[in-house]
Amino acid sequence: MTATEQVGVVSSEVGAIEGDLELRGLVKRYSGTTVVDSLDLTIPSGQLFALLGPSGCGKTTTLRMVAGLEQPDEGSILLSGNDITQLRGFRRPVNTVFQSYALFPHLTIFENVAFGLRERRASDIKRKVERILETVELSALAQRKPAQLSGGQQQRVALARAIVNEPQVLLLDEPLGALDMKLRRQMQYEVKQIQSDLGLTFLHVTHDQEEAMTMADKIAVMNGGRIEQMGAPEELYESPRTAFVANFLGNSNLLPGIVLGHESELAMIDVAGQQVRVPSARVHATDQSVFVGVRPEKIRIARDHDVAAAGENELAGIVLDSSYTGIGTEYVVEVAGSNETVKAFVQNDSVRERLAPGTSVRLIWQLGFTFALDGSQDPHAGEGTAVGADTQHVAAVGARGRAARRKRR
Amino acid sequence: MTSATTAGRRRWAPYLLLAPMVVWLLAFFLSPLVTLVMGSLQSGSFQEGFVFTFEVANYVHVVTTYWPWFLRSVAFAAIATVCALLIAYPLAYMIVFKSGRWKYLLLVLVVAPLFASFLVRTLAWTTILADQGVVVGALRTVGLLGPDQWLLATPVSVIAGLTYNFLPFMALPIFVSLDRIDRRLIEAAGDLYASGFRAFRRVTLPLSLPGIAAGTLLVFIPAAGDFVNAQLLGSVDTQMIGNVIDSQYLRALDYPTASAISVTLIVLIIGLVALSLRRARTDELF
Amino acid sequence: MSSFGARRQLDLSGLGGMTRRQVMQLAAVAGGSLLLAGCTTKPTGVAPSNGSSSSDQIIWSNWPLSVDTEDDGTIPSLVEFEERTGIRVEYLAEINSNDEWFAKVQPLMQGGQGIPASVISPTDWMGGRFISLDWAQKLDKSKLANAKNLLPAFQSPAFDPTRDYSLAWQGWLVGIAVNTDVTGKDVRTVQELLTDPALKGKVSLLTELRETTGTLMLANGADPGAFNDDDFQQAIEDIESARQSGQLRRFTGNDYAADLSQGNIGACLAWAGDVVQLAKDNPAIKFFIPDSGGVLMEDVLMVPTGAPDTEAAHKLIDFYYEPEVAAQVAAYVNAVCPVAGAQDAMASIDPELADNPLIFPDAEEMKKMFTYKPMDLDENQARQSAFDKALGL
């Protein structure tokens, strides 16, 4: 059996890798629980595609099914149009960068990286390994053993070991999770560089929304075994379609409201007795009951006497609490005439007094940043599960504010 | 407290901590060993008494007279070690990777024979290898044994006994080193195009070498000095050096010769072990 | 970056001003001087002093199952002894072979401490060794009223002609055990055992020097009680030819029982008492005193020097010389019983055994039984070495 037959479809040149990865109706169940629920996904070739979601959402399981480490209960996996679902893992032209790196402790770095090449009896192993080690800047450590390397270096070896085989798809299973903040940011950049330089298809699984947004060309947000929304980072961030996506990526305010009507491509929505306009195209709901969403950093806080422009929404409110975070100030503002609170993040880009609690203010933001979501879902879905301290902090501030209000009343 | 006294106390501390172990080693290891060596250099007889005369001639006598027994013992022990390895490795592998929730129960079963007395365990082989038994019957049917041949009281039965008695000591270290292997490494090997067998060959096997090395030592060293198996399952032609020591010490009451044989055996085993460890260089595995 | 942290070196320098090397040397010298104490060994060191404290517990060092034993492990005769005298006897079944037991007790006896047992029951030749080393106490015959029950045949054995130090405990007769299922016939002569081609590879001899060479010497017409070098040498050569011809499969202790029952061995030298037991389960197994005669060994009752309680020891020995008690023991052990009157007492316990010539041999039977001459340590060593060579050692 030749190396080619053994491994399935394999291309021989870097950059000429072809073919999309298609997941059709994948289902996986573990002892009664459906972990991956009828997943449909197409990952175009040459992209860094992120599969983003909280722990337990099924993203790692999906990855393992593509790698061949798990068998789907239903559905199929196609690579370059070939159905590889029945193909044994070691025959698939797919490589994985594991979360734990899984470097072979008894082999040198060189041998670790050369492992896949040797198994496929590839030609010119020495040159290929040396080249990739140069790319990841580990040439000097080729004769060391993994235990002698730092975490960051091991991570790069894991990357090199996978990439050197020129797989049609490279799977990354939260590979940066074990690194400290600074190193992680650096590696995010490096991995992205390598991917775009080599033009390989990367499927990157992570629960870190910042990481996904930084690196990915396209993101699919997964929750409970299903895909909530898929698209480019900007699209997901600026125009989320579910509360989960809105809360999971960054932070969002979601205020309950009733759709009163539409006029000239705007939806008029009653929020706590005040009116908010949302571009109709950004209303992702069919019923009258909706959640109006706007992200905290889009809101500017104006004093009573300031006036909103025509293309802006406006809500009156009272400051409950504020906290200084260096870059900016987070305000928790209670919407006038309701119990709802709005978080607003204001950059500290001018010398200004911090607004004291109890101050009457106006929350003003551009129409185009508003979106509306179906009112029947849980507005807190996706909160607190993302990596990013902001969400938790703001939630705590909100709670303090509500408690303070209760004391006042 | 002055800095001088605390400094002084710090100097004594390591010695005090080492003291219990040193005393234990002196009492139960070093002192019997030295007594043995001293005894081997004595001359005389039980009747007249033994006197320390630095009788190196004892060693000359031992080596020239008993080298065939030394050779036989090493050979039997080596063969038994290899057999134990060939049986224990697949056994341990099955238990670690294929037995699911029965893993620890099966492990206990492997060790369980050790709870029976070695006499019972060894005598069981007279039944297994009996002339009218299943094994001999099968071998006769296949033609490997003639009708006038038997397995008991041959090197085969002695080695079988040795292998069986020491099998748990080979299986346990291999079990431990296999169990320690991170399964994700095997997954990674598969991810890198290694089939099941290749992954075993390139990842699992090398990572289990420390266990194999440990098991080899734990089997070979006691097997070389064994005398029970040869006594119960052997014949005149299969006596091992352990039996010779036994008879010199207990029956002939020739303590110097018995001691000299013992010391020679110790030196021989240490030499062989050192040689093989140097070749294996297991310390360079990780 | 290395992940192996620098290990702190243990600072062993500067102990009281000494360098590490000096500390090691000191330890070596200290250790060494402890050992030089045990460097020279002489067999007759300080003889242990005799004790005569009247405790109510003594230890009897004996072979396993050499006394009447119930299935649950209780010993009826000792229970009776305790009821009568108030003395509790711990039956210590620690003698599995005379040589092994000797190796265990020798340092204690030599060092002068004595052993914890007040009564010991090794085989006669080992008892003889004890006597020669001054490790056995002279028995106080005034305290052994029942000693008169000792059968005449046992009254003056070569190792203790005046029975000053011992009484007989059990008699062990060596003969030929046969599994007639394997051999298809009886085997009554040593000649047959060693040369009959029909038995090729199915024969075993005993690892014991006296039992085996004694039987073979008898077959050659020599007297084991008074043999010379040529007689002994001939026996060794007989063993050698049996081995070379493939007649002899192996040498055994009493593990011949397993081989015999399973048919691996067809005929072998064995102890009568064992075979009587085997024959109960398998009637195909028979015992024959060789036509040329069989070797008779006896286990003794002796009191070692330094025994904790000599008084109680004498009471115990005397107790077992009551005919009823002796019969009770013989019914279980099935060895030759040296106590007169026991045969009559046996009639009420187990009439079949009362007629068993292997337990109660009559005068005719006794003519076929021979004892082995005692040997001093030097001769023992020489004979033993020659014999062990024939065993492949």
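For the structure, check the block above.
Summary of the structure given here. What you see is a predicted model; the values in this text were computed from it and never measured. (Residues numbered from 1 in each chain as written. Chains lettered and ligands numbered in written order. Predicted model: local features only at pLDDT ≥ 70, side-chain atom pairs only at ≥ 80, totals over all residues. Heavy atoms only, no water.)

## Re a nonpolar patch on the surface
Residues Met21(B), Val22(B), Trp24(B), Leu25(B), Phe28(B), Phe29(B) and Leu30(B) make up a contiguous nonpolar surface patch of about 710 Å² in total accessible area. Residue classification places Met21(B) among the partly exposed residues on the basis of a relative accessible area of 46%. (Patch = residues over 30% accessible without salt bridge, like charges linked within 9 Å, V, L, I, M, F, W, Y side chains within 5 Å. Areas by Shrake-Rupley, 256 points an atom, 1.4 Å probe, with all protein chains shown as cover. Salt bridge = Lys/Arg side-chain N within 4 Å of Asp/Glu carboxyl O. Buried < 20%, exposed > 50% of the residue type's maximum accessible area, 1.4 Å probe, protein only.)

## Examining the interface of chain B and chain C
Counting residues at the interface gives 46 residues for chain B and 48 residues for chain C. Buried area between chain B and chain C, summed over both chains or domains, comes out near 4,100 Å², and the portion from carbon and sulfur atoms is 57%. For the chain B face of the interface with chain C, the top three residues by lost area are Tyr15(B), Val236(B) and Arg251(B), together amounting to 20%. Across the chain B-chain C interface, the total number found is four salt bridges. A salt bridge links Arg243(C) to Asp237(B), with the shortest nitrogen-to-oxygen separation between them at 2.8 Å. (Contact = heavy atoms within 4.5 Å. Buried area = accessible area lost by both parts, 1.4 Å probe.)

## Points about the sheet that holds strand β1 (residues 21–30) of chain A
Residue and element names in this part refer to chain A. On the basis of which strands lie adjacent, the open sheet formed by four strands has the order β2-β1-β4-β5 and antiparallel pairing. Each edge of the open sheet is held by one strand with a lone partner, namely β2 (33–43) and β5 (82–83). Pairing between β1 and β2: seven bridges, direction antiparallel. Bridging across to β2, Leu21 finds its partner in Ile43. Its contacts with the sheet put helix α2 (residues 59–67) on β1, β2 and β4 (74–79), and the angle it makes with β1 is roughly 115 degrees. (Pairing = 2+ DSSP bridges. Helix = DSSP H or I, 4+ residues; strand = E, 2+ residues; numbered from the N terminus. Axes fitted to C-alpha atoms, helices over the stretch in contact; angles between N-to-C directions.)

## Structural notes on the packing of aromatic side chains
Under the definition given, this model contains 28 aromatic pairs over all chains. Ring centres 5.9 Å apart and planes at 80 degrees place the aromatic pair Tyr89(B) and Phe200(B) in the edge-to-face group. One end of the pair, Tyr89(B), is in helix α2 (residues 57–98); the other, Phe200(B), is in helix α8 (residues 196–207), with 111 residues separating them in the sequence. Ring geometry for Trp60(C) versus Tyr91(C): centroids 5.6 Å apart, planes at 80 degrees, classification edge-to-face. With a gap of 31 residues between them, Trp60(C) in strand β1 (residues 57–61) and Tyr91(C) in strand β2 (residues 88–92) connect regions that are remote in the sequence. Look at Tyr91(C) and you get buried, because its relative accessible area is 16%. A network of ring pairs unites the aromatic residues Phe46(B), Phe50(B), Tyr249(B), Tyr255(B), Trp101(C), Phe102(C), Phe130(C) and Trp135(C) as a single cluster. For Arg383(C), the ring lying beneath its charged end belongs to Phe232(C), and the centroid distance is 4.9 Å. (Phe/Tyr/Trp six-rings, centres within 6.5 Å; stacked < 30°, edge-to-face > 60°. Lys NZ or Arg CZ within 6 Å of the ring centre and 35° of its normal.)

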